[in-house]
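Listed below, chain by chain, are the residues.
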Amino acid sequence: MKPFFITLITSVLVSCGSSSSSNPTPEVVPIDEIIELFNSTPIVLSDSVSYYSHACNSPSFQFLIPVDINNDSFIDFIAHFWCDSETPAEIDTKDVPDALVAYLSDGYGNYSVDNIAVFGEMYPKLGGASRKYARGDINDDGKDDFAFAMNAEDGRAAYDYETTIMNYAYPAILLSSSTGFEVVNLGEKDWGHSVQIKNNEALFGGHNAQAFKYEDNQWVDISDQYDELSFASFLVFDEYIINSVRKNEQQGLELVINNEVISSIMHDEVFKVYFEAWNNTGTGNYEQIGVYEYRGEYYFHGMTTEMCRKDDLIVATINASKPIDREIIENEYYSQNETSPVVLLSFYEINDGVLIERDIQVTGEEINHNYNFFDCKDINQDNKKDIVAQVFSQSWDTLPDNKGVPEIYVNSSNEYFNLDTSSWPVYSIQDDSQGYMFDIDQSGTHDLIMYPLKANISAEVEIYLTNKNLTD
């Protein structure tokens, strides 16, 4: 980039009868070049089709996990792919095919797949569809380990007990080793949806709570210490467990210690409707579900599905839905295919063993942008944690498409504002996508990582490194 210049023209006082040039030579003073926020050319992780195609040709791209594996100046990645049902809404008894892929950096911004070095085999897998993951150091070796809530929810039928248990899979763990990771499956098959790591314990929430402690190089079942771990979402908060629950025509959060509920915040169901879920489309299998009121609007279900800890604050998302073009009426019939998702941010604190909801302003909150996951992290180096929502950019959505860019809510004086990202680079492949922020080159500023929701066209990953603070 060529430098910019400021031209300074000084006035010249001319006395009567004196001569002067009519075109004085200007004084030219260079200033610093403008520093662009992002590099113009992304780092690209090439499509790993030769690895995930061992499972299927166009799998869901569930996770791209940043982790330091080879201890160099660039972060590495572990991807998890799993295959959607070829016969949705029909009965299936097979495990969901899946694939793990490890992208190792060379320390200069180049990446290559090396499953042998990381997993000790060419085609490792977790054993099903992953729903959520948790990061921690289970084996106390100073390296990250990962626990995964697993199921077989690939679109197959789930309308009664017999078909529901066909959506079960074993919980999974990636346990760090001297060179990479060991894949561990343990416990009983379940429809796993939530997971947390607490020190050397891995806690799994599904239709049945399961918990395991890693000590003396072996796994010990401690499930009896955790009677209730929410299927929808739960959070480990010091000695507490915060559970998202729906029961007795109410839904909300319960604060648990030593298997005892000591506080709760619950919302009453307004009325019921009949609802056909997406994996029962066309079967005529409707179930009654509750309708709840939030911020003066009616929504189907509306349950807390993800939580993170921001210092002493609990940030949670309430995922719900509503019809696209009609009202919600008691005892009426609805299909999930005619609804639009809604995600609402909510905030809580624990004060002397009591769960309290906080009224915190979020300016520019985009409730119609759908997402499952968000991070509570300081993305602009002001020592205040922000919220980064990994929104789905999907072609069916009539809202403006983020094209892979996350929604960022910057923490400002105990309020949040939606950061303007309209000038940011977007995912170049015309496909449904998602993205998040992470300091890939460990420079002190967070970078933009984008990848597809499903490998329809390609599973290529694009990473735009930042050159300065995101809010400068």
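The structure this text deals with has already been given above.
Quick summary incoming for the structure in this document.

Reading the values: rules and limits
Residues numbered from 1 in each chain as written. Predicted model: local features only at pLDDT ≥ 70, side-chain atom pairs only at ≥ 80, totals over all residues. Heavy atoms only, no water. Helix = DSSP H or I, 4+ residues; strand = E, 2+ residues; numbered from the N terminus. Buried < 20%, exposed > 50% of the residue type's maximum accessible area, 1.4 Å probe, protein only. Salt bridge = Lys/Arg side-chain N within 4 Å of Asp/Glu carboxyl O. Patch = residues over 30% accessible without salt bridge, like charges linked within 9 Å, V, L, I, M, F, W, Y side chains within 5 Å. Areas by Shrake-Rupley, 256 points an atom, 1.4 Å probe, with all protein chains shown as cover. Core = buried A, V, L, I, M, F, W, Y, C linked by side-chain atoms within 4.5 Å. Contact = heavy atoms within 4.5 Å. Disulfide = S-S within 2.5 Å. Phe/Tyr/Trp six-rings, centres within 6.5 Å; stacked < 30°, edge-to-face > 60°. Lys NZ or Arg CZ within 6 Å of the ring centre and 35° of its normal.

Side note on unusual backbone geometry
Located in the positive-phi region is D311, a residue other than glycine, with phi close to 60°. Of note, D311 is situated in the loop between β22 (297–310) and β23 (313–323). Residues other than glycine seldom take positive phi values, yet D352 does so here, at roughly 55°. Topologically, D352 is positioned in the loop between β25 (339–351) and β26 (354–358). According to the relative accessible area criterion, D352 is exposed, its value standing at 77%.

Side note on the pattern of salt bridges
Following the criterion strictly, the structure yields 15 salt bridges and no others. The partner of R135 in a salt bridge is D144, and the shortest N-O contact between them spans 3.0 Å. Residue class for R135 comes out partly exposed when judged on its relative accessible area of 34%. D144 sits in the partly exposed class, given a relative accessible area of 30%. Between E269 and K272 there is a salt bridge, with its nearest N and O atoms 3.1 Å apart.

Overview of a nonpolar patch on the surface
On the surface, a nonpolar cluster with roughly 270 Å² of combined accessible area is contributed by I116, M122 and Y123. Structurally, the position occupied by Y123 is in the loop between α2 (115–119) and β8 (129–136).

Here we look at the nonpolar core
With 24 residues, the main nonpolar core has L64, F77, Y103, I440 and I463 as its most contacted residues. Taken together, the elements giving at least two residues each to this core come down to β3 (43–45), α1 (49–52), β4 (60–67), β5 (76–82), β6 (98–105), β33 (447–452) and β34 (461–464). Once residues within four sequence positions are removed from consideration, I440 is found in contact with S73, F74, I75, F77, Y111, D447, I449, I463 and L465. Formed by 19 residues, the second largest nonpolar core is a distinct cluster that contains F146, A169, A172 and F181.

Structural notes on the side chain of S340
Within the secondary structure layout, S340 lies in strand β25. With relative accessibility at 18%, the residue S340 sits in the buried group. Every residue in contact with S340, bar those within four places of it in the chain, is listed here: A320, S321, K322 and I324.

Some details on the state of the cysteines
Per the counting criterion, the structure on display carries 2 disulfides. Here the disulfide map of the protein reads 1-2, 3-4, the bonded cysteines being numbered as they appear in the sequence.

Points about the packing of aromatic side chains
Enumeration over the complete set of coordinates arrives at 23 aromatic pairs. For the ring pair F63 and Y133, a centre distance of 4.9 Å and an interplane angle of 85° mean the geometry is edge-to-face. Residue F63 is located in strand β4, and its partner Y133 is located in strand β8; the two are separated by 70 residues in the primary sequence. Take Y133: its relative accessible area is 28%, and that puts it in the partly exposed class. Seen in terms of ring centroids, F63 and F148 are 6.4 Å apart; in terms of plane orientation they differ by 50°. Their pairing is tilted. Taken together, the residues F63 in strand β4 and F148 in strand β9 (residues 145–151) connect sequence positions 85 residues apart. Here F63 and F148 have matching classes, each one buried. Linked through ring pairs, F63, Y133, F146, F148, F181 and F373 together constitute an aromatic cluster. The ring of F237 is capped by R309, whose NZ or CZ atom sits 3.7 Å from the centre of that ring.

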